[in-house]
Amino acid sequence: YFEKMKENYKYIAFSIFLFVSFFIFSQTKTDSLLIQLETCETQSGKCPDTAYLKILNNLSMAWVETGDYDKGMHYEKKALSVAEKVILKGSNHILREMAITISNIGYIYYLKENYSQSLKNSLQALRMKENGSDTLNPIYAATLNHVGLVYWKMNNDSNALNYFFASLRVSEKMDYANLAAHCY
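Let us look at the structure shown here. (Residues numbered from 1 in each chain as written. Predicted model: local features only at pLDDT ≥ 70, side-chain atom pairs only at ≥ 80, totals over all residues. Heavy atoms only, no water.)

Side note on the nonpolar core
Applicable threshold: What makes a nonpolar core is a set of buried Ala, Val, Leu, Ile, Met, Phe, Trp, Tyr and Cys residues whose side-chain atoms join them at distances within 4.5 Å. Partly exposed describes any residue whose relative accessible area lies between the buried limit of under 20% and the exposed limit of over 50%, with all areas from a 1.4 Å probe on protein chains only and scaled to the type maximum. Going along the chain from the N terminus, every DSSP run of H or I of four or more residues is numbered as a helix, and every run of E of two or more is numbered as a strand. Note on contacts: a residue pair is in contact if any heavy atoms of the two residues lie within 4.5 Å.
Ranked by internal contacts, the top residues of the largest apolar core, which has 27 residues, are Leu37, Tyr52, Leu53, Leu56, Leu59, Tyr75 and Val82. For this core, the elements supplying multiple residues, two or more each, are helix H1 (2-41), helix H2 (49-65), helix H3 (69-88) and helix H4 (95-111). Counting residues per element, this core draws most heavily on H2, which supplies 9 residues. Setting aside its immediate chain neighbours within four residues, tyrosine 75 contacts Leu34, Leu37, Leu56, Leu59, Ser60 and Trp63. Judged by nonpolar contacts, the second largest core, of 15 residues, contains Leu119, Leu126, Ala141 and Ala160.

Regarding the pattern of salt bridges
This is how the line gets drawn: For salt bridges, the criterion is a side-chain nitrogen of Lys or Arg within 4 Å of an Asp or Glu carboxyl oxygen.
Applying the stated criterion across every chain, the model contains 1 salt bridge. The salt bridge involving aspartate 70 is made with lysine 112; its shortest N-O contact spans 2.9 Å. In this pair, aspartate 70 sits in helix H3 while lysine 112 sits in the loop between H4 and helix H5 (115-131), placing the two residues 42 residues apart along the sequence. For aspartate 70, a relative accessible area of 54% puts it in the exposed group. Taking the relative accessible area as the measure of exposure, lysine 112 reaches 39% and is therefore partly exposed.

Some words on H5
Just so we agree on the cut-off: Helices are assigned an expected span. That span is 1.5 Å times one less than the residue count.
When the terminal C-alpha atoms of H5 are compared, their 24 Å separation across 17 residues agrees well with the 24 Å that a helix rising 1.5 Å per residue should span. Looking at H5, one finds that the buried residues are Tyr115, Ser118, Leu119, Asn121, Ser122, Leu123, Ala125, Leu126 and Lys129. For H5, the secondary structure elements touched by its buried residues are H4, helix H6 (138-153) and helix H7 (157-173).

Overview of the packing of H2 against H4
This is how the line gets drawn: For helices, the fitted line uses only the C-alpha atoms of the stretch in contact; every axis is such a line through C-alpha atoms, and the angle between N-to-C directions lies from 0 to 180 degrees. In these notes the angle categories are as follows: under 35 degrees is roughly parallel, over 145 is roughly antiparallel, 65 to 115 is roughly perpendicular, and the rest is oblique. Crossing chirality is assigned from the near helix's rotation relative to the far helix, an anticlockwise turn below a right angle marking it left-handed and a clockwise turn marking it right-handed. In this classification, Asp, Glu, Lys and Arg are treated as charged, Ala, Val, Leu, Ile, Met, Phe, Trp, Tyr, Cys and Pro as nonpolar, and every other residue, Gly included, as polar.
Running from N to C, H2 and H4 point in directions that differ by 15 degrees, and their axes come no closer than 10 Å. Taken together, H2 and H4 sit at an angle that is classed as roughly parallel. Between H2 and H4 lies a crossing of left-handed hand. Contacts between H2 and H4 involve Thr50, Leu53, Lys54, Asn57, Ser60, Met61 and Val64 on the former and, on the latter, Glu97, Ile100, Thr101, Asn104, Tyr107, Ile108 and Leu111. When its residues are assigned to classes, the contact of H2 with H4 shows 7 nonpolar, 5 polar and 2 charged.

A few points about the environment of methionine 128
Its place among the elements puts methionine 128 in helix H5. Each C-alpha atom of the pair methionine 128 and arginine 96 lies 7.8 Å from the other, and the pair is 32 residues apart in sequence. Among residues more than four places away in sequence, those in contact with methionine 128 are Leu95, Met98, Ala99 and Ile102.

Laid out in structure tokens, this is it:
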């Protein structure tokens, strides 16, 4: 009986170890990004705008991966605000990163099952990418696929198929099999 109990304790201890390790690992990613963000913010204008936005976008997606969509949205909204200020100053070099931010906002709305907002943001991101002739890359193809998913969730199968096929065409042109598989 005691041998069986000892074996069960080993299993429980190992399970707790795995759980704690997973928690620490997921925190490490967000903690690392928070440190990068703090460093960037304290450099008083020395941190390039695109780098700052990438940190905010990565931090947002790290929070989304942990299931904290509200924190993720907080950092995306902050990134969008920064991008809008840079554009108001007459600098358009940030448009690609801004489109990614808007696309990420659409993704968070999708996860929160707010499909109309998700669609609005995702279509805005697509228009920005198309206007910038940024249409032959995995992010553009993924956004097309995402719009297809939103339409599908909204029971608009014909539009969903149109976007899935558009995503598939871009994925095939880039020989991006990973995303092409999601289109099927």
